[in-house]
Structure formats: structure tokens, C-alpha cells
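Fold and geometry: a report
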Amino acid sequence: MASRLNMDTRRRLESNIWKYSLMKFLALFLLCGSIATLYLLDFGYIMFQIAVYGSIGSALIFILELPSGLFADLYGRKNSLLIYGWAYLLWIVCLYFGGNYFLLLLSGIFSGIRLAFRSGADSALLYDSLKALGREDEHPKISGSSNSWFLFGIGVSSMLGGFLADQYSMGFTILASLIAPLISLIVIYSMEEPAHYRSVKKKSLKDHIQEIYRLIHTNKKLVWLTIFFALMQSSILFTWLYTQVFLGLYKVSFSMIGTYFFVFLLFAMLSSHFYGTLHKLLNDVTLFRLSAIIFCMALFLMSVPSLALFVLMTICIELVYGSSKPLSNHIINCEVGSEYRATMLSALGFVGSIFTMILSLIGTYIGDIIGAFGLMAGMGVLLAICFFVVLSKVEL
């Protein structure tokens with residue numbers, strides 16, 4: 001297919017690669033991320049009101065995760081990303097005027113739309129672009145490197161946002177956050193949609209859903225891989241929630257907690273950046289087996305009351321986290337045809353959100369009873385059993 005591309009189309013598709021990396025960096029370059037809660041408290045809201053705002057976004061992600069993937073497959077990845085870009089912009093605008101509670105709730109709606117319509121569509125557009133260029137073998141390296149920029153954006157923007165709020169004001173920091181969605185929209189508008197969409201668009205939504213059902217029903221390997229990665233990523237996110245709890249138990253100062261978080265993200269970024277190299281050295285089968293072993297052992301060892309051991313085990317978990325996203329995206333991209341790619345990547349996020357909600361409710365309840373140390377030991381053993389069962393179902 002690559003040989004049939006004219007020079008202009010090839011150039012535009014190749015530009016999708018660096019534009020994808022820039023878009024990933026900007027996706028969570030949230031200057032307001034470290035001060036948004038304080039900004040809303042400054043309006044006089046109580047934490048319950050702020051929690052309602054956050055829960056609206058989470059509910060929208062859950063509801064729209066699969067429909068947004070279907071939209072991207074039927075009407076184009078670029079169109080899905082444009083919805084993401086405009087929702088990103090409107091989220092920040094409404095957040096700035098968050099003193100009006102209606103606008104704050106509207107901001108929560110736009111936040112959910114933003115995350116749902118980016119999920120799956122961005123990775124699918126990258127893989128399709130590489131495939132059209134005959135460069136799909138480079139996907140692990142490019143995906144891993146781009147995800148490292150995504151993580152770097154989180155860390156840098158959190159520190160920079162805190163600095164701007166301290167030097168100027170929280171309101172100024174929220175307004176400065178508009179830079180990221182504005183640049184993102186410019187980048188997305190300039191992207192090239194892979195040509196195969198001209199045929200995919202003609203398919204009806206009903207036919208597409210039926211074909212997805214047949215794919216899931218016949219490809220059990222895909223189903224179990226989705227369950228594996230969703231369980232892995234949701235467990236890592238749940239563990240991340242307890243990081244502050246452990247640092248508090250170890251009497252770490254507030255200033256040092258921020259430093260620890262940045263160091264942890266740095267290791268995740270390095271792992272993601274070098275995923276392409278690991279992919280060549282170990283292959284993906286070995287990688288996700290090692291990921292499961294390292295993650296479960298790290299969780300179990302967190303039950304030992306030692307700050308040094310906790311930091312070391314958290315670094316191990318962040319190394320797993322950094323490679324898990326490009327690893328899951330690459331395997332699912334390879335397993336699924338382009339016409340279903342965004343939908344199945346969204347399905348991964350959908351299943352992950354279900355696991356996250358279950359872990360959040362049950363895990364925190366158990367943690368309140370047996371304590372954080374006992375919770376980590378129990379999770380380490382239970383997840384080891386779950387991963388063993390899931391991997392035994394996958395024909396590798």
C-alpha cells in the first residue's frame with residue numbers, strides 16, 4: 001500500500017507521527033492539574049460538591065467509552081479527535097468560570113467527553129498511518145516514545161502550574177491552561193485521515209456492532225488479552241491512589257511528596273520511552289508475563305513497613321505502568337483490523353473503568369478494615385492468581 005501513495009499524501013501521513021507525539025504531550029499538560037481543587041475550594045465549595053463535579057466526568061467516560069470508539073471507526077479518527085479537542089477547550093473555559101456551579105458541572109461533562117473521544121482514536125490513527133506508510137513495525141518504538149511524552153507532560157505541567165499559581169494567581173493558571181487545547185486543535189486539524197475510511201464510512205452502525213460482536217465471539221485471545229491489560233492498568237491506577245496514604249504513614253513532608261511523585265513519573269516515562277527497545281529484545285509475550293510477575297511481587301513487598309522498600313517497589317510498578325500502555329495498544333492494534341481498531345481500544349478502556357470502579361469500592365472498603373499494608377499483601381496474592389488464570393486462557 002505504501003508504494004501506491006503519492007509524495008504529498010506520504011508527507012502528510014508521516015507528519016501524523018510527530019503530531020501524534022505532540023498531541024499526547026498536550027493531552028495532560030494540565031497547568032491547572034495541581035491547583036484545580038484549591039481553585040474550586042476558593043469559591044467556597046465543599047468537597048462533596050467538587051466530588052459531584054468529578055463524578056460527572058467519570059460517568060460520561062463510562063457511558064461514552066464504547067460509543068466513541070464506534071464513532072471513530074465509522075466516521076473517522078480525526079473527527080473523533082476534533083470532538084476531543086473542542087471538549088478539552090470548553091472544559092478549561094467552563095472551569096475558569098467555575099464559580100457558577102452550573103458551569104462547573106458543564107465543565108465536568110466536557111471533561112468526560114474529552115477523555116472518551118480521545119481514547120482509542122489517537123492510537124488507531126497512529127497505527128493506521130504507519131500501516132499506510134508500510135512502517136507498522138515501528139509502532140512499538142513510536143508508541144512508547146509518545147507515551148513517555150504524555151507522562152512527561154503530567155509531571156512538568158504540575159510543577160509549572162504550581163509555580164504560576166504561586167507567582168500570579170490560580171485564575172491566571174487556569175487561563176494559561178488554555179494553551180494546550182488551542183495548540184491541540186491546530187495540530188488535529190492539520191492531521192491526515194488514512195484513506196481507508198472512505199469505504200468504512202458507508203457501513204451502518206448496526207452492521208458494525210454485529211461485526212464487532214462476531215469478532216469478540218470468535219477471537220477469545222483478544223477477549224482475554226483485553227481482560228489482562230484492563231486488570232493490570234486498573235490495578236496500577238488503584239495502587240497509585242494509595243501512594244499518598246503510604247507516604248503519609250511514613251511521615252513524608254508535603255514538599256517531598258511532590259518530589260517523590262515526579263521521580264515516580266520519571267521512571268514510568270523512561271520505561272515507556274524504551275518500550276520499543278524492550279519489544280525487540282524480549283518480545284511482547286515475555287514482556288507482559290514479566291509485567292505481571294514484577295507487579296504482583298512489588299505489591300506484596302509493599303506490605304513490609306519500610307520507606308526505602310516502598311519507594312523501590314513503587315518504582316518497579318511505575319516501570320510496569322510506563323510500558324503497559326504502549327504494550328497493550330500494540331498487541332490489540334496487531335490483533336484487530338483497522339475497521340474495528342478504535343472500538344476495541346475503547347473497549348479496553350471500558351473494561352478498565354469497570355475494574356477501576358470495582359477496585360475502588362471493594363479495595364478501599366477492605367483497606368479501611370485491614371489497613372494499607374494488609375491490603376497490598378492481599379492484592380499481590382489475589383492478582384497473581386487472576387493473572388495466572390487469564391494468561392492460561394491466552395494461546396500465545
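Residues numbered from 1 in each chain as written. Predicted model: local features only at pLDDT ≥ 70, side-chain atom pairs only at ≥ 80, totals over all residues. Heavy atoms only, no water.

**Comments concerning the environment of N79**
Let me state the cut-off plainly: Numbered from the N terminus, helices here are DSSP runs of H or I no shorter than four residues, and strands are runs of E no shorter than two. Should any heavy atoms of two residues lie within 4.5 Å, those residues are counted as being in contact.
Topologically, N79 is positioned in helix α4 (residues 77-96). Counting along the chain gives 114 residues from N79 to E193, while the straight-line C-alpha distance between them is 9.0 Å. Not counting chain neighbours up to four residues away, the residues in contact with N79 comprise F71 and E193.

**Structural notes on a nonpolar patch on the surface**
Under the convention used in this document: Any residue with relative accessible area above 30% and no salt bridge may belong to a patch, with like charges joined within 9 Å and the nonpolar Val, Leu, Ile, Met, Phe, Trp and Tyr side chains within 5 Å. Here the Shrake-Rupley method, with its probe set to 1.4 Å, supplies the accessible areas, and only the displayed protein chains count as covering residues. When a carboxyl oxygen of Asp or Glu is within 4 Å of a side-chain nitrogen of Lys or Arg, the pair counts as a salt bridge.
A cluster of nonpolar side chains, namely F300, L301, V304, V381, I385, F388 and V389, defines an oily patch on the protein surface of about 620 Å² accessible area. Considering each element in turn, the nonpolar patch owes the most residues, 4 residues, to helix α18 (residues 341-393). Structurally, the position occupied by V304 is in the loop between α16 (284-301) and α17 (307-335).

**Observations concerning the packing of α16 against α17**
Rules: Lines fitted to C-alpha atoms define the axes, with helix axes restricted to the stretch in contact, and inter-axis angles between N-to-C directions lie between 0 and 180 degrees. Angle categories: roughly parallel below 35 degrees, roughly antiparallel above 145, roughly perpendicular from 65 to 115, and oblique for all the rest. The sense of a crossing depends on the near helix, which, turned anticlockwise from the far helix by less than a right angle, makes the crossing left-handed and, turned clockwise, makes it right-handed. The nonpolar class holds Ala, Val, Leu, Ile, Met, Phe, Trp, Tyr, Cys and Pro. Asp, Glu, Lys and Arg form the charged class, and all remaining residues, Gly among them, are polar.
Taken N-terminus to C-terminus, the directions of α16 and α17 make an angle of 150°; their axes are 9 Å apart at the nearest point. When the axis of α16 is compared with that of α17, the two are roughly antiparallel. Considering how the two elements wind past one another, α16 and α17 form a crossing that is left-handed. Residues D284, L287, F288, S291, I294, F295, A298, L299 and L301 of α16 pack against L309, M313, C316, I317, V320, S323, L327, H330 and I331 of α17. Of the residues in the contact of α16 with α17, the class split is 14 nonpolar, 3 polar and 1 charged.

**Quick notes on the environment of W224**
Structurally, W224 is set in helix α12 (residues 220-241). The spatial distance from the C-alpha of W224 to the C-alpha of L391 is 7.6 Å, given a sequence separation of 167 residues.

**Quick look at the nonpolar core**
Stated precisely, the cut-off is as follows: To qualify as a nonpolar core, a set must consist of buried Ala, Val, Leu, Ile, Met, Phe, Trp, Tyr and Cys residues joined through side-chain atoms within 4.5 Å. Exposure is judged per residue with a 1.4 Å probe applied to protein chains only, and the accessible area is read against the type maximum: over 50% gives exposed, under 20% gives buried, and values in between give partly exposed.
The biggest cluster of nonpolar side chains holds 112 residues, and the ones touching the most others in it are F228 and F387. Residue contributions to this core peak at 14 residues, all from α18. Excluding residues within four positions of it along the chain, F387 makes contact with F228, L231, M232, A292, F295 and C296.

Interpretation note: all reported values are geometric properties and have no functional meaning in isolation.
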